Amino acid sequence: MVGGNLFHYRKNSWPPQEYVNRATLQLFDIDGAAPPEHALRRKLNSHASILKEFSITFREAIQMIRLGIRLWHYVREEASHGRKAPIDPFTREHCKPSASQGVPLGGMGSGSISRGFRGEFRQFQILPGTCETSPVMANQFSIFISRDGGKKKYSSVLSPGRHEGLGKPSDQGISSWGWNLNGQHSTYHALFPRAWTVYDGEPDPELKISCRQISPFIPHNYRESSLPTSVFVYTLVNTGKERAKVSLCFTWANSIGGTSHLTGNHVNEPFMTAKDNPPVTSAIAACETQNVSVSVLPCFGLNEESCVTAKDMWGKMVQDGHFDQENLSKGPSMPSSPGETHCAAVSASTWVEPHGKCTIAFAVSWSSPKVKFCKGKSYHRRYTKYYGTSRNAAKDLVHDSLTKYMLWEEEIEKWQNPILKDNKLPEWYKFTLFNELYFLVAGGTVWIDSGLPMEDSVGSNSVITNDKKIKRKHVAIVQKSAGLVKETAVEDSDTFVHVDPRGGGDTALRGSSDEEESTSCGSGDLENSLATSPIKSPKPINDDDDVGRFLYLEGVEYIMWCTYDVHFYASFALLELFPKIEFSIQSEFANAVLFEDRRKVKFLAEGNQGIRKVKGAVPHDLGTHDPWHEMNAYNIHDTSRWKDLNPKFVLQVYRDFAATGNLSFGADVWPAVCAAIDYMDQFDRDNDGMIENDGFPDQTYDAWTVHGISAYCGSLWLAALQAAATMAVQLGDHAFAEKCKNKFVKAKAVFEEKLWNGSYFNYDSGSSSNSKSIQADQLAGQWYTAASGLPNLFDDCKIRSTLQKIHDFNVMKVKGGRIGAVNGMHPNGKVDETCMQSREVWTGVTYAAAATMIHAGMTEQAFTTAKGIFLAGWSDEGYGYAFQTPEGWTTDGHFRSLVYMRPLAIWAMQWALSSSKTVRKAPMVVAMDRSHVPSDTANSSCNEGGMKKIAKKPWCFGNAIFHCSC
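For clarity, every value in this text was computed on a predicted model and none was experimentally measured. Throughout, residues of each chain are indexed from 1 in the direction in which the sequence is written. Thresholds applied to this predicted model are a pLDDT of at least 70 for local features of residues and 80 or more for the giving and counting of side-chain atom pairs; totals over whole chains, interfaces and linings are not thresholded and use all residues. Only hydrogens and water are set aside when side-chain values are computed; all heavy atoms of the structure are taken into account.

(A) Just the overall build of the protein chain, in detail. Secondary structure counts use DSSP, requiring at least four H or I residues in a row for a helix and at least two E residues in a row for a strand, with both numbered from the N terminus. Along the backbone of the protein chain there are 20 helices and 32 strands. Looking at the protein chain as a whole, 65% of its 966 residues are labelled buried. Long-range pairs, those at least 24 residues apart, make up 73% of the contacts in the protein chain between residues at least 6 apart in sequence. Only the protein chains shown count as covering a residue, and every accessible area follows the Shrake-Rupley method with a 1.4 Å probe. Carbon and sulfur atoms make up 50% of the accessible area of the protein chain, which totals about 31,900 Å². Buried residues are those whose accessible area, probed at 1.4 Å on protein chains only, stays under 20% of the maximum for their type, while exposed residues exceed 50% and partly exposed ones sit between those limits. We call two residues contacting when some pair of their heavy atoms lies within 4.5 Å.

Given below as structure tokens:
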């Protein structure tokens, strides 16, 4: 994947006509069939190389050997209880990660399925916290074309090449299908939440095909964006002189990924029966119109013992271009045996006249209505608020998808066009900005309806269980409305077909699966009780504000919900696009600050013990096996001693409060803000106002030790004091404002005296070999200060000097600026190799540094900095991390932790760009630090309703401490 020209080549434009013939693009210039002007593009015959995973050095291994031993024992202990450890570096997926990912399917929080750029369905995350990475190769779109009275025929799976594990073409399984697509003239175009695949004369030279993939990810739409469904719209253009009969076939296996299709007892029949407990269901559908006829094959298998084999299915489509109508009245199939896979197919056929066009629409949905966490309660997913919990939900979802997708596209284009049409923005930035949002779908998100947890134990079991301990029941596939219903089970299930005798409508395939709780799952240290009640769901002001509760993983390899030190970077995306979800998350952490969980936990780095959650400390995460009720699943370090979490909470709360002017939110979280500030007093051991780090990795860089005063944590603390003082005045708590003001004045003087060296802030005030390192993230506090419209923490010249240093050293001295900003650099221009994290490039931190540069008026340096992430991570010449952006990579391109939350920080850049237009004047902290804050600071302002254009009414604050220049 990485060519020799990666570090010598800089491309600034990727027009579609470089990938697709211009005449073909003109043919598709109807109804959105043509790929957009700005998108990530790949040829379908591009090589999907295996990605290179990071490895630690010998010195790092020696440093971490004790931690490694303890972590290994902890992973084994969790496995003995049927649970998966949140961090498990010892277990590797059998499917090695490759540069093959594309835009994922569906909305947020209802499970997700990814689709590779070559068309394969993979990365199944139907069960919370579980990611089945291997593609299910039976899930395919195929095309069958007949011309000249059947004398000229073409047929092919619409996925290029022969894939690993297909077997011999003589087999009865999917290897017998026509894998004839070369992909040389076919291209993939990604602009999340949509993707286009254009087949420019493949497999029929005279038939141009466009497939448009659409998912309901619509900012500020909290209904449609929760739906687990996607639509595929095929546009067919016949450039030949004779009419062509074209049939498209969508095949689907009874599977939720992994090996779930091999467990046996899967049955198909042509009607549905009711069961007491809603299963996990999946559905595929085709829209029947006046010109498009739909037929189904209720069941076929993948081996020679099947009554109807995959080879038979393919032969029938090649010969006739459709299935028999009598399939709709067939009775139940025999149950499958272990190791046997049942699949189903829906076909849509049409005639395309010479120089004519035709459109065929398919949809897929899945319905996992209940979420059951391993040691916790069951909850209903958000979409059940609109579709209920019955197995009919999948059928209803595909039906509605096929009737609403054009409205979805209108809303998506209305959202994206102002950015895409902004000529001042670099092209790579425009589509990468949207494509990084893939994580809100594919990042293990869980979105539940509000209300009390359910009492029963039925539902899809979380994660985070040991597969050998789990029984899975009733995994179903159903097709309805001229169609088929098929139900599959991991242990026992039935598959059904339902026929709607009415003409027209859609043909759907639906499937289901119940997941039973493991008998050992949930055992744990229950003898120690909570000192206080677990955190409660925040109460919405009215029903319009009730968006349920939202969880997303730190990463698919770090299974912790809403990891807060990382959400600090990612939260700009939610605040910009789904602010009510952002408020919900912040409210839950505010509740958590005031509670304590005295259950004992062993911390693996040092081997010491402590309590799970300390009152006044912001939790690291909302948990793994029982979110909201058993927080701090992270147990490497005691995060109650971390120095960044509490300041990050204060800063996020103030930013959100200022951005919307929501006084009710501010009042609700204010007690937690005060507690978070007061909790930090213990870390100011010399009473100079500035907190000190404790000589271990006590912040988000949890392998990078800090001594004394830290540029990273110290700047966060200064920013938090200023934000808390400003918020205190706005809420009328003048005593607390005065307290924070006094701390700020003292701490700022100490910070600059100890760390400023004339051109940047030293890494820390210690005397270690890396104390003078240039940290890319050293102005994190200034970043949030500017993003919130508060006065700059330091003189403009110091901010710009520091950012220029980061640009010149951390960015440009490493591979010529083509891989992002390395976390640490020595002042001699060499990478800081103190530890694993100091030598890494962190994608989200690079975006954050770029956002800080934009706030400081250094836009050119900002885009140069951020473009390195695009070139190394997303471009054809890079390392192949598109739609799986990792936490970071080394300077030679070895990744750590794919599909990670922090890269959503690219939306902090957009926030900064928008702020320059919408933020006017914020409350000036004149008396706090007037001698250090210029009165004409560009980012100091008070605006309508807060900081951003989403505010509803104008307001500002004037008082003895803060002077507003509105």
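(B) Structural detail: the sheet that holds strand S13 (residues 293-301). For two strands to count as paired, DSSP must find a minimum of two bridges between them. With respect to topology, 5 strands assemble into an open sheet ordered S5-S4-S10-S14-S13, the strand pairing being antiparallel. Because the sheet does not close on itself, it has two edges, and the strands there are strand S5 (152-157) and S13. Pairwise comparison of adjacent strand axes, ignoring direction, gives a mean angle of 15 degrees for this sheet. Judged from the 10 bridges that link them, strand S10 (residues 244-253) and strand S14 (residues 342-352) form a sheet pairing that is antiparallel. If you follow valine 246 over to S14, its bridge partner there is threonine 350. Each of strand S4 (140-147), S5, S10, S13 and S14 touches helix H4 (residues 310-320); the most contacted strand, S5, lies at about 145 degrees to it. To obtain an axis, a line is fitted to C-alpha atoms, over the contacting stretch when the element is a helix, and the angle between two such axes runs from 0 to 180 degrees between their N-to-C directions.

(C) Summary view of the packing of aromatic side chains. Stacked, edge-to-face and tilted are the three classes for Phe, Tyr and Trp ring pairs, Trp counted by its six-membered ring, which pair at centre distances within 6.5 Å; planes under 30 degrees apart are stacked, over 60 edge-to-face, the rest tilted. Under the definition given, this model contains 66 aromatic pairs. Ring plane angle 80 degrees and centroid distance 6.3 Å describe the contact between tryptophan 428 and phenylalanine 863, whose orientation is recorded as edge-to-face. You can see tryptophan 428 sitting in helix H7 (residues 427-435) and its partner phenylalanine 863 sitting in helix H18 (residues 859-874), a full 435 residues away along the chain. Exposure class is identical for tryptophan 428 and phenylalanine 863. Each is buried. Centre to centre, the rings of tryptophan 704 and tyrosine 763 are 4.5 Å apart; their planes meet at 15 degrees, and the pair counts as stacked. With a gap of 59 residues between them, tryptophan 704 in the loop between strand S26 (693-694) and strand S27 (707-708) and tyrosine 763 in the loop between helix H14 (734-755) and strand S28 (774-775) connect regions that are remote in the sequence. Look at NZ for Lys and CZ for Arg. If either is within 6 Å of the ring centre and within 35 degrees of the ring normal, a charge sits over the ring. Between arginine 42 and the ring centre of phenylalanine 117, over which it is positioned, the NZ or CZ distance is 4.0 Å. Residue placement shows lysine 643 over the ring face of phenylalanine 683; its charged tip is 4.5 Å from the ring centre.

(D) Local environment of the sheet that holds strand S32 (residues 895-896). If you trace the 3 strands from one edge of the open sheet to the other, you get S30-S31-S32, paired in antiparallel fashion. Here the strands that pair on one side only, and so sit at the sheet edges, are strand S30 (841-842) and S32. The sheet contact formed by S30 and strand S31 (residues 888-889) spans 2 bridges and is antiparallel. Looking across to S31, one finds that valine 841 is bridged to tryptophan 889.

(E) Quick look at the side chain of glutamate 630. Tracing the chain through its elements places glutamate 630 in the loop between strand S25 (609-613) and helix H11 (645-660). According to the relative accessible area criterion, glutamate 630 is buried, its value standing at 10%. N or O atoms closer than or at 3.5 Å make up a polar contact, with two conditions inside protein: a donor-capable atom paired with an acceptor-capable one, and, for residues adjacent in sequence, both atoms drawn from side chains. Side-chain polar atoms of glutamate 630 contact the side chain of arginine 599, separated by 3.4 Å. Dropping the residues within four chain positions of it, glutamate 630 is found in contact with Lys375, Arg599, Arg612, Leu622, Gly623 and Thr624.

(F) Representation of the confidence of the model for the protein chain in the model. The share of residues in the protein chain with pLDDT of 70 or more is 80%, and the mean pLDDT across the chain is 83. Residue range residues 260-278 is modelled with pLDDT below 50. Its contacts to residues more than four positions away, or to other chains, number 106 contacts. Under a pLDDT of 50 for its full length, residues 917-966 has, in the predicted model, 142 contacts with residues more than four places off or in other chains. One confidence number per residue, pLDDT, is output by the predictor and ranges from 0 to 100.

(G) Main features of the pairing of strand S24 (residues 597-602). Burial of the side chains of S24 is restricted to one face: Asp597, Arg599 and Val601 are buried, whereas none of Arg598, Lys600 and Lys602 on the reverse face is. Linkage of S24 to S25, two consecutive antiparallel strands, is achieved through a turn of 6 residues, within which glycine 607 is found at a positive phi near 80 degrees.

(H) Region of interest: the packing of helix H13 (residues 711-730) against H14. One way to put it is that H13 packs onto H14 with a least axis distance of 8 Å and a crossing angle of 155 degrees. With respect to H14, the axis of H13 lies roughly antiparallel. By crossing handedness, the relation of H13 to H14 is classed as left-handed. Contacts between H13 and H14 involve Ala711, Gly714, Ser715, Trp717, Leu718, Leu721, Gln722, Ala724, Ala725, Ala728 and Val729 from the first element and His734, Phe736, Ala737, Cys740, Lys741, Lys743, Phe744, Ala747, Lys748, Phe751 and Leu755 from the second. Here roughly perpendicular refers to angles of 65 to 115 degrees, roughly parallel to angles under 35, roughly antiparallel to angles over 145, and oblique to all remaining angles. Each crossing is labelled by how the near helix is turned from the far one, with a counterclockwise turn of less than a right angle marking it left-handed and a clockwise turn marking it right-handed.

(I) Representation of H18. Its 16 residues give H18 an end-to-end C-alpha distance of 21 Å, which sits within 8% of 22 Å, the value for a rise of 1.5 Å per residue. H18 sits mainly inside the fold: 14 of its 16 residues count as buried. Multiplying 1.5 Å by the helix residue count minus one yields the expected span of that helix.

(J) Summary view of the pairing of S5. Here 6 bridges tie S4 to S5, and the two strands are oriented antiparallel to one another. Residue serine 146 lies in a different strand from S5, and its bridge partner there is lysine 153. In this structure, the hairpin formed by S4 and S5 is closed by a connection of 4 residues, where aspartate 148 is found at a positive phi of approximately 55 degrees.

(K) Broad picture of the pattern of salt bridges. Throughout this description, the term salt bridge denotes a Lys or Arg side-chain nitrogen within 4 Å of a carboxyl oxygen of Asp or Glu. Within this structure, the stated rule accounts for 36 salt bridges. A salt bridge links glutamate 752 to lysine 798; the shortest N-O distance between them is 2.6 Å. Separated by 46 residues along the polypeptide, glutamate 752 in helix H14 and lysine 798 in helix H16 (residues 796-811) bring together distant segments of the chain. The two residues glutamate 752 and lysine 798 agree in class, both being buried. Taking the shortest distance from any N to any O, the salt bridge between glutamate 887 and arginine 902 comes out at 2.9 Å. Of the two residues, glutamate 887 is situated in the loop between H18 and S31 and arginine 902 in the loop between S32 and helix H19 (906-918); the sequence distance between them amounts to 15 residues. The residues glutamate 887 and arginine 902 share a single accessibility class, namely buried.

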